[in-house]
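Structural description and commentary
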Amino acid sequence: QVQLVESGGGLVQAGGSLRLSCAASGRISNIYAMGWFRQAPGKEREFVAGISRSRGITYYADSVKGRFTISRDNTKNTASLQMNSLKPDDTGVYYCAADLTAPVSYSSDHYDYWGRGTQVTVSS
């Protein structure tokens, strides 16, 4: 089992920045990749960014490329999402997810464990 806890959400004005963190515990060694997803009201959950745990290879949705940066710290068992130049369209609940198998996936169906989410609200 893997437990994930997100933190760092909040309310920010458009153009501002937030940093989300995800703390993992449990069978950490089984994790192949970490991902961030988001879900806006009335919309499906969508991939934001992913990172392979061992090599640190990163993947991004086109909508956040150049603005968001995903990183991981294996010594602290954390994954972070630095979000810059935020837009109102970035508003939603952000979820951290852990994937036990390769490759790093853009699909939420591929991920095995999920946090409860943290709210990000970007005002215009």
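Right above here is the structure, for reference.
Attention here is on the structure that accompanies the text.

What follows is about the sheet that holds strand S3 (residues 18–26). One open sheet holds the four strands; their spatial order is S1-S3-S8-S7, and the pairing between them is antiparallel. The sheet is open, and its two borders are formed by strand S1 (2–7) and strand S7 (68–73), each paired with just one other strand. Here the strands of the sheet are splayed against their neighbours by 15° on average, with no regard to which way each runs. As defined by bridge partners, S3 adjoins strand S8 (residues 78–83) across six bridges and the pair is classed as antiparallel. Counterpart to Ala-23 in the pairing with S8 is Thr-78.

Moving on, we come to the nonpolar core. Among soluble globular proteins, nonpolar side chains are generally buried collectively. Residues Leu-4, Met-34, Trp-36, Leu-81, Met-83 and Tyr-94 are the most contacted members of the largest nonpolar core, which totals 35 residues. Elements represented by at least two residues in this core include exactly S1, S3, strand S4 (33–39), strand S5 (46–52), S7, S8, strand S9 (92–99) and strand S11 (118–123).

Between Ala-102 and Pro-103 the backbone carries a cis peptide bond, its omega angle lying at -10°. Looking at the element boundaries, Pro-103 is found in the loop between S9 and strand S10 (113–114). Phi at Asn-77 is positive, roughly 55°, even though this residue is not glycine.

Attention shifts here to the state of the cysteines. Tallying each qualifying case throughout the model produces one disulfide. Cys-22 shares a disulfide with Cys-96; S-S distance 2.0 Å. Around the S-S axis, the bridge from Cys-22 to Cys-96 shows a dihedral of about -80° and counts as left-handed. Linking Cys-22 in strand S3 with Cys-96 in strand S9, this pair joins segments that are 74 residues apart in sequence.

Let us look at the side chain of Arg-67. As for its position among the elements, Arg-67 is in the loop between strand S6 (58–60) and S7. For Arg-67, a relative accessible area of 11% translates into the label buried. Polar side-chain contacts of Arg-67 include one of 2.9 Å to the backbone oxygen of Ser-63. For Arg-67, the residues in contact, after removing those within four places along its chain, are Gln-82, Met-83, Asn-84, Ser-85, Leu-86, Lys-87 and Asp-90.

What counts, and at which threshold
- Residues numbered from 1 in each chain as written.
- Predicted model: local features only at pLDDT ≥ 70, side-chain atom pairs only at ≥ 80, totals over all residues.
- Heavy atoms only, no water.
- Pairing = 2+ DSSP bridges.
- Helix = DSSP H or I, 4+ residues; strand = E, 2+ residues; numbered from the N terminus.
- Axes fitted to C-alpha atoms, helices over the stretch in contact; angles between N-to-C directions.
- Core = buried A, V, L, I, M, F, W, Y, C linked by side-chain atoms within 4.5 Å.
- Buried < 20%, exposed > 50% of the residue type's maximum accessible area, 1.4 Å probe, protein only.
- Disulfide = S-S within 2.5 Å.
- Polar contact = N/O pair within 3.5 Å; in protein donor to acceptor, adjacent residues only side chain to side chain.
- Contact = heavy atoms within 4.5 Å.

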